[in-house]
Amino acid sequence: MRFLSKHSPTLAEEHLGTAVAEDGDAKDGGVEAGGWSTGARANSVVLVRWAAWCLLLLGPVLGVAAWFSMPAPTAAGRPQAQPGLPATGSQGAAGFAQLFVAAFISAGDGDQARLAAYFPAASGLRLEGTPGRRSGEQLAVVRLRQTDRDVWSVTVAARITGAIGSPGAAPSADGRRDPKVEAAVASAAAVHYFQVPVAAVPSGGGVMGYVALAMPAEVSAPPRAQAPVLVYGPVRPALPGDARTQAVAAFLASYLTGAGELDRYLAPGVRLEAVAPVPYTAVVVDQLAVEGERGGEGAGAVPADGVRARLLVVLRATGHDGVRVPLTYALTLSSRAGRWEIASLDGAPSEALDPAPSGPATTS
């Protein structure tokens, strides 16, 4: 009688799937030797064989899946801008163009090197006139758009003082003015717009460098945008008996002239500081535009607590020199204890979310 000896299958046996058995193992159930039957050993070899084949088949599939699941790399040298943020270099390009326009307006003969600091090719330009004969005032960037990957077109507005033409030029003997003088006067009084192409170039260490690609070009004024529809009703006279008029008049008098304690006009939890130093000596509320009004409403009673109303307030404030200037405030009021209180001093008038078409306004 031969006895089976328990041993581990060789690697060749596992891959080829051969059953290792001794004589007499053909019977079902096999003969146990050391607690391991020949049938069990055969089954384990089959399982190992199928597991090996599964791994061999799944390997390429898993590799392809891993390849396609990898995130696509971004193009080198083209960082992706975050949504809602200005592109890199926009603010610097705007300030650079503003400085260039200021130097350009005041430039004269001999100022080539000063302009070349902004536009290198300016060193070869021919400049005329006395340096500083003109100067730019109230310079402001009014348009900024990206024309290429690293190029910005910046439009700068400026008033030019010292320009040719005298606003007090006398008319000719027959009472008519010279058209050239009229044109010069109009040009001197107008706001001028200069378009400057600026390239923003990385200069290392996360710092951007800027250079103009051409001299400034004078262009026409940007188109005027149409104002959006606001939530307020038509502007009407501020009625002295209206509790809203009384509330905003008292608040603005305290806010602008220092009259009375400001906190007494504010809703609970609202914190505001009066303007300091005091800029005005008196305030008169002339007109109101109230949210939800359609015209013709009179002064109503103060509603129950918690009702809010948005107002546009037009007033005249008297300065220390006695001159009255018009001012406009957007305010939100809330009702409490039978009176209106200031819930917020809004940063801007509120735009209507879904403006309904309205017919032509009528006045009586």
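Undergrad: Tell me about the overall build of the chain, and please be specific about residues and values.
TA: Counting secondary structure elements, the chain contains 6 helices and 10 strands. A separation of at least 24 residues holds for 60% of the contacts in the chain among residues at least 6 apart in sequence. Of the roughly 23500 Å² of accessible surface on the chain, a fraction of 58% belongs to carbon and sulfur atoms.

Undergrad: Which residues make up unusual backbone geometry, and what values do they have?
TA: The amide bond that connects A276 to the next residue, P277, takes the cis arrangement and shows omega of -5 degrees. Among the secondary structure elements, P277 is positioned in the loop between α6 (243-257) and β7 (280-290). Unusually for a residue other than glycine, Q138 sits at a positive phi of about 55 degrees. Within the element layout of this structure, Q138 appears in strand β1 (residues 135-148). With a phi angle near 55 degrees, A337 is a residue other than glycine that sits in the positive phi range. Within the element layout of this structure, A337 appears in the loop between β9 (324-336) and β10 (339-345).

Undergrad: So what about the pattern of salt bridges? Which residues, and what values?
TA: Across all of its chains, the model carries 10 salt bridges by this definition. Note that E128 is salt-bridged to R126, the shortest N-O span being 3.8 Å. Accessibility classification places E128 together with R126 in one group, the exposed group. Where R244 meets E293, a salt bridge forms, and the shortest distance between an N and an O atom there is 3.3 Å. Of this pair, R244 sits in helix α6 while E293 sits in the loop between β7 and β8 (308-319), and the two are 49 residues apart along the sequence. What makes R244 buried here is its relative accessible area of 13%. What emerges from the salt-bridge pattern is a single network uniting R236, D242, R244 and E293.

Undergrad: Explain the pairing of strand β4 (residues 208-212) residue by residue, including any values.
TA: It is a general feature of regular strands that their side chains alternate between the two faces of the sheet. Relative to β4, strand β3 (residues 191-202) runs antiparallel, the two being bridged by 5 bridges. Note that in β4 the partner of V201 across the bridge is G209. The turn linking β3 back onto β4 is made up of 5 residues, and G204 within it adopts a positive phi angle of 95 degrees.

Undergrad: Explain the packing of aromatic side chains residue by residue, including any values.
TA: A complete count under the given rule lists 6 aromatic pairs for this structure. Clustering of aromatic rings is evident, with ring pairs tying together F96, F100, Y118 and Y210.

Undergrad: With reference to specific residues and values, describe the sheet that holds β7.
TA: Strand pairing in a sheet is mediated by backbone hydrogen bonds. Such pairs are either parallel or antiparallel. With respect to topology, 5 strands assemble into an open sheet ordered β6-β7-β8-β9-β10, the strand pairing being antiparallel. The open sheet terminates on both sides in strands that have one partner only, identified here as β6 (236-237) and β10. Here β8 pairs with β9 via 11 bridges, running antiparallel. For R308, the partnering residue across the bridge sits in β9 and is S334.

Undergrad: Any chance you could break down α6 for me, citing the residues and the numbers?
TA: Here α6 spans 21 Å end to end across 15 residues, near enough to the 21 Å set by a 1.5 Å rise per residue. Within α6, 12 of the 15 residues are buried, which leaves it mostly tucked inside the rest of the structure. Along α6, the residues classified as buried are A243, R244, T245, A247, V248, F251, L252, A253, S254, Y255, L256 and T257. The secondary structure elements touched by the buried residues of α6 are β6, β7, β8, β9 and β10.

Undergrad: Any chance you could break down the side chain of D111 for me, citing the residues and the numbers?
TA: By secondary structure assignment, the location of D111 is in the loop between α3 (90-106) and α4 (112-116). The buried category is assigned to D111, whose relative accessible area is 12%. At 2.9 Å, the side chain of D111 and the backbone nitrogen of G108 are in polar contact.

Undergrad: Explain the pairing of β3 residue by residue, including any values.
TA: Here 9 bridges tie strand β2 (residues 151-161) to β3, and the two strands are oriented antiparallel to one another. Paired with V151 across the two strands is A199, which belongs to β3. By the bridge criterion, 3 bridges tie β3 to strand β5 (residues 217-219) in an arrangement that is antiparallel. Of the residues in β5, the one forming a bridge with Q195 is A217.

Undergrad: Explain α3 to me, using residue names and the numbers behind them.
TA: Taking 1.5 Å as the rise per residue, α3 with 17 residues should run 24 Å; its terminal C-alpha atoms sit 25 Å apart, in good agreement. Those residues of α3 not exposed but buried are S90, A93, A94, F96, A97, F100, V101, A103, I105 and S106. In this fold, the buried residues of α3 make contact with α4, β1, β2, β3 and β4.

Undergrad: Talk me through the nonpolar core; I want residue IDs and the actual numbers.
TA: Residues F251, V313 and L315 are the most contacted members of the largest nonpolar core, which totals 29 residues. Breaking this core down by element, the ones donating at least two residues are α6, β7, β8, β9 and β10. Ranked by the residues each element gives to this core, the list is headed by α6, at 7 residues. Setting aside residues no more than four positions away along its own chain, V313 makes contact with V248, L252, V285, Q287, L288, L327, T328, Y329 and L331. Within the second largest apolar cluster, 24 residues are counted, among which are F100, V101, A107 and I160.

Reading guide: rules and limits
Residue positions within a chain follow its written sequence, with the count starting from 1. Totals for whole chains, interfaces and linings use every residue, but because this is a predicted model, local features are given only for residues with pLDDT of at least 70 and side-chain atom pairs only at 80 or more, for both listing and counting. Hydrogens are left out, water is left out, and the side-chain values use all remaining heavy atoms of the structure. By definition, any uninterrupted DSSP run of H or I lasting at least four residues is a helix, any uninterrupted run of E lasting at least two residues is a strand, and each is numbered from the N terminus. Any two residues having at least one pair of non-hydrogen atoms within 4.5 Å are treated as being in contact. Note on areas: these come from Shrake-Rupley sampling with a 1.4 Å probe, and a residue is covered only by the protein chains present in the view. Definition used for salt bridges: Asp or Glu carboxyl oxygen within 4 Å of a side-chain nitrogen of Lys or Arg. Residue exposure (1.4 Å probe, protein chains only): buried if accessible area is under 20% of the type maximum, exposed if over 50%, otherwise partly exposed. In this analysis, strands are considered paired if DSSP registers two or more bridges between them. Between 30 and 60 degrees the pair is tilted, below 30 it is stacked and above 60 it is edge-to-face, where a pair is any two Phe, Tyr or Trp rings, Trp via its six-membered ring, whose centres lie within 6.5 Å. Helices are assigned an expected span. That span is 1.5 Å times one less than the residue count. Two N or O atoms count as a polar contact when they lie within 3.5 Å, although within protein this holds only if one can serve as hydrogen donor and the other as acceptor, and sequence-adjacent residues are included solely when both atoms are side-chain atoms. Within this scheme, the nonpolar core is defined by two criteria: the residues are buried Ala, Val, Leu, Ile, Met, Phe, Trp, Tyr or Cys, and they are joined through side-chain atoms within 4.5 Å.

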